[in-house]
Amino acid sequence: MLHRLALRVLPSLSLVVTEDQVRKHKRLVMFVPGLIAFGLYRLAKHLLPLSEPMILLAVSGMIALLTAAGAYRVGRRLSFPDMVKADGVRRVIWLLGWIGFAYGVQLSLLVLALLWLVGYDYLKHPDGPAMMAIIIACTAVARDAFEIGCVRRLEAAGRPFPTFPDGMSLRTMIATQGRQLAPWLAIGLGTGAGSAALGAIVDQGTARVLVQLACATIAAGSVTVGAYFAGQQRDGGWVRAMVSTSWMKLFQFWWWPGLAFAATYVFVLAGAVLYLARAESISVVGGCAMSGLVGGVMALYGYYLGHRRQVEDRAQQTVPASMLRCPFVMGILGKSQSFSGRIGLASAGVAFGKTGPKA
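No experiment lies behind these values; they were computed from the predicted model shown.

K.L.:
Lay out the overall build of the protein chain in plain terms, naming residues and giving numbers.
P.N.:
Looking only at helices and strands, the protein chain features 15 helices and 0 strands. Out of the 359 residues in the protein chain, the part that is buried amounts to 53%. Pairs at least 24 residues apart make up 80% of the contacts formed inside the protein chain by residues separated by at least 6 positions. A total of about 15,900 Å² of accessible surface is found on the protein chain, and carbon and sulfur atoms cover 66% of it.

K.L.:
Give a detailed account of the pattern of salt bridges, specifying residues and quantitative values.
P.N.:
The final tally for this structure, using the stated rule, is 13 salt bridges. The salt bridge partner of Glu-155 is Arg-91, with a shortest N-O separation of 3.6 Å. A residue pair is termed long-range when its members are at least 10 positions apart, and Glu-155 in helix H7 (residues 127–156) and Arg-91 in helix H6 (residues 89–117) qualify at 64 residues. We classify Glu-155 as partly exposed; its relative accessible area is 24%. A salt bridge links Glu-155 to Arg-152; the nearest nitrogen and oxygen atoms lie 2.9 Å apart. Separated by 3 residues within a single helix, Glu-155 and Arg-152 lie in helix H7, roughly one turn from each other. In this structure Arg-152 comes out as buried when scored by relative accessible area, which is 13%. One salt-bridge network, in which partners are shared between bridges, spans Arg-4, Arg-8, Lys-26, Arg-143, Asp-144 and Glu-147.

K.L.:
Give me the lowdown on the environment of Tyr-228, citing residues and values where you can.
P.N.:
For Tyr-228, the location among the structural elements is in helix H10 (residues 205–232). Expressed as a C-alpha distance, the spacing of Tyr-228 and His-307, which sit 79 residues apart in the sequence, is 7.5 Å.

K.L.:
Quick one: what's the story with the packing of helix H8 (residues 168–176) against helix H13 (residues 284–314), residue by residue and with numbers?
P.N.:
One can describe the packing of H8 onto H13 by two numbers: an axis separation of 11 Å at closest approach and a directional angle of 95 degrees. When the axes of H8 and H13 are compared, the pair comes out roughly perpendicular. Where H8 abuts H13, its residues Ser-169, Leu-170, Met-173 and Ile-174 lie against Leu-300, Tyr-301, Tyr-303, Tyr-304, His-307 and Arg-308. Classifying every residue of the contact of H8 with H13 by side-chain character gives 7 nonpolar, 2 polar and 1 charged.

K.L.:
Which residues make up the layout of surface pockets, and what values go with them?
P.N.:
Put simply, the second largest pocket is a space of about 300 Å³. As for the second largest pocket, its lining consists of 17 residues, of which Tyr-103, Leu-107, Leu-110, Arg-143 and Thr-264 are closest to the centre. Counting only elements with at least two residues in the lining of the second largest pocket, the list comes to H6, H7 and helix H12 (247–276). In terms of residue count, the dominant contributor to the lining of the second largest pocket is H6 (6 residues). Looking at the lining of the second largest pocket, its residues break down into 14 nonpolar, 1 polar and 2 charged.

K.L.:
Tell me about the nonpolar core, and name the residues and values.
P.N.:
Ranked by internal contacts, the top residues of the largest apolar core, which has 93 residues, are Leu-107 and Val-151. With 14 residues, the single largest contributor to this core is H7. The residues touching Val-151, leaving out its near neighbours within four places in the chain, are Leu-7, Leu-13, Val-16, Val-17, Phe-161 and Phe-164.

K.L.:
Would you mind going over a nonpolar patch on the surface in detail, with residue names and values included?
P.N.:
On the surface, Leu-28, Phe-31, Val-32, Leu-35, Ile-36, Leu-40, Leu-43, Leu-47 and Leu-48 cluster together into a nonpolar patch covering about 870 Å² of accessible area. With respect to the element layout, Leu-43 can be found in helix H3 (residues 20–47).

K.L.:
Talk me through the packing of aromatic side chains; I want residue IDs and the actual numbers.
P.N.:
Under the criterion given, the structure shown has 9 aromatic pairs. Between Phe-251 and Trp-255, the ring centres sit 6.4 Å apart and the planes meet at 20 degrees, which makes this aromatic pair stacked. Taken together, the residues span about one helical turn, with Phe-251 and Trp-255 both in helix H12 at a distance of 4 residues. The exposure class assigned to Phe-251 is partly exposed, which follows from its relative accessible area of 45%. Chaining the aromatic ring pairs together yields one cluster made of Tyr-228, Phe-229 and Phe-253. In this structure, Arg-91 is placed above the aromatic ring of Phe-164, and the distance from its NZ or CZ to the ring centre is 4.0 Å.

K.L.:
Give a description of H7 that names residues and reports values.
P.N.:
The end-to-end C-alpha separation of H7 is 43 Å, in line with the 44 Å expected for 30 residues at 1.5 Å each. The element H7 is largely enclosed, with a buried count of 23 among its 30 residues. Positive phi appears at Gly-158, one or two residues downstream of H7, with a value of about 115 degrees.

K.L.:
Run through the confidence of the model for the protein chain, naming residues and quoting values.
P.N.:
The predicted model of the protein chain has a mean per-residue pLDDT of 86, with 87% of residues at 70 or higher. The low-confidence segment residues 318–359 (pLDDT under 50) makes 85 contacts with residues lying over four places distant or belonging to another chain.

How each quantity is defined
The numbers attached to residues start from 1 for each chain and follow its sequence in the written order. At least 70 in pLDDT is required for a residue's local features to be given in this predicted model, at least 80 for side-chain atom pairs to be given and counted, and no such filter applies to totals for whole chains, interfaces and linings, which use all residues. Heavy atoms throughout the structure, all of them, feed into the side-chain values; hydrogens and water do not. Going along the chain from the N terminus, every DSSP run of H or I of four or more residues is numbered as a helix, and every run of E of two or more is numbered as a strand. Think of it in three bands: residues with accessible area under 20% of the maximum for their type are buried, residues over 50% are exposed, and the middle band is partly exposed, with areas taken using a 1.4 Å probe on protein chains only. Note on contacts: a residue pair qualifies if any of its non-hydrogen atoms lie within 4.5 Å across the two residues. Exposure was quantified through the Shrake-Rupley algorithm and a 1.4 Å probe, taking into account, for residues, occlusion by the shown protein chains and nothing else. Throughout this description, the term salt bridge denotes a Lys or Arg side-chain nitrogen within 4 Å of a carboxyl oxygen of Asp or Glu. Only the contacting stretch of a helix is used when fitting its axis, a line to C-alpha atoms as for every element, and angles between N-to-C directions run 0 to 180 degrees. What sets the label is the angle itself: under 35 degrees gives roughly parallel, over 145 gives roughly antiparallel, 65 to 115 gives roughly perpendicular, and the rest give oblique. Under the scheme applied, nonpolar residues are Ala, Val, Leu, Ile, Met, Phe, Trp, Tyr, Cys and Pro; charged residues are Asp, Glu, Lys and Arg; polar residues are all the others, including Gly. In this analysis the probe radius is 1.4 Å and the grid spacing 1 Å, with only protein atoms considered; a cavity is a set of points the probe fits into but cannot get out of, a pocket is an open set with protein on both sides within 12 Å along at least five of seven lines, and lining residues have an atom within 4 Å of a point. Grid points are joined across faces, edges and corners, and a volume is the space filled by probe spheres set on the points. Here, nonpolar core means buried Ala, Val, Leu, Ile, Met, Phe, Trp, Tyr and Cys residues that are tied together by side-chain atoms lying within 4.5 Å of each other. Patch members must show over 30% relative accessible area and no salt bridge, and they are joined within 9 Å when carrying like charges or within 5 Å when they are nonpolar side chains of Val, Leu, Ile, Met, Phe, Trp or Tyr. Two aromatic rings, drawn from Phe, Tyr or Trp (for Trp, its six-membered ring), form a pair once their centres lie within 6.5 Å of each other, and the interplanar angle then sorts them: stacked below 30 degrees, edge-to-face above 60, tilted otherwise. Counting as a charge over the ring demands two things of the Lys NZ or Arg CZ atom: a distance within 6 Å of the ring centre and an angle within 35 degrees of the ring normal. One less than the residue count of a helix, multiplied by 1.5 Å, gives the span that helix is expected to have. In predicted models, pLDDT denotes the confidence assigned by the predictor to each residue on a 0 to 100 scale.

The structure is reproduced here in structure tokens:
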């Protein structure tokens, strides 16, 4: 879900996907695939045993894959053959495989785990959870694929973006800053696993799992904030950078994306344990392993977001947001190499970029 974080936290991307026109169009893009997904669910219900988790996830993933292709095409405003030719086979495969199938499966596991937590077990009552897992995953994939398509369309039209949400810059960062990143990965792994161990003090199964998930979410969300500032590599270090930031902004970032995405990953892994591994519950050891993994992932993503924010701040130019939305101005700036990667940032000069999700 790194693409989702990048689209909302990095100013150059969030400026595009939160424009009024894009948001209005996005609502329709999400609504139509949701209706189609409901129809496909009703059809698949009579043809396939959706009470089997693997089959349900495969169906959800395939519907999400087709949704990603359609939504990206709408945002890109090209026919599919032209889109493949312009963007390349590799990027299209990434979109279909990761933003489509893999992301759809993750979201379905998230939905199933949340329903299990409130007592609506998919294995006991498959119809309702299966329907929600397919439809919710489909609409979320449509939203993100459409937003990525809009970003790619503007990029192809000459508007440069310092970061494209496909993970390539993450791999580059790991290769070049592995030594600085390693301590934060260790902190995330250790803090996540250690916090989940508090679940051992609770005897009851569901209550113990709830305590573990809550502790893991709080720990991973907190590590994300520190890793974000460390990734920015400001003068004076990450502690000084945090102290100089208002408590309100720290809380906003800790709440979203810190806690929100940490909880998302915790529930995705919980869904995998419950429905792929067919465990009756989550043990203390299993909870610690899950929480450690989530803590490590959130530390990695927090550091990455801070690093990319530093890249954008370094390239920042004082260009009004109203001018950035003008195709004529963007065409002029896009032709100048001196502006490469330096525009789209001025209207989001707050400490964290976007501090909350928008539809």
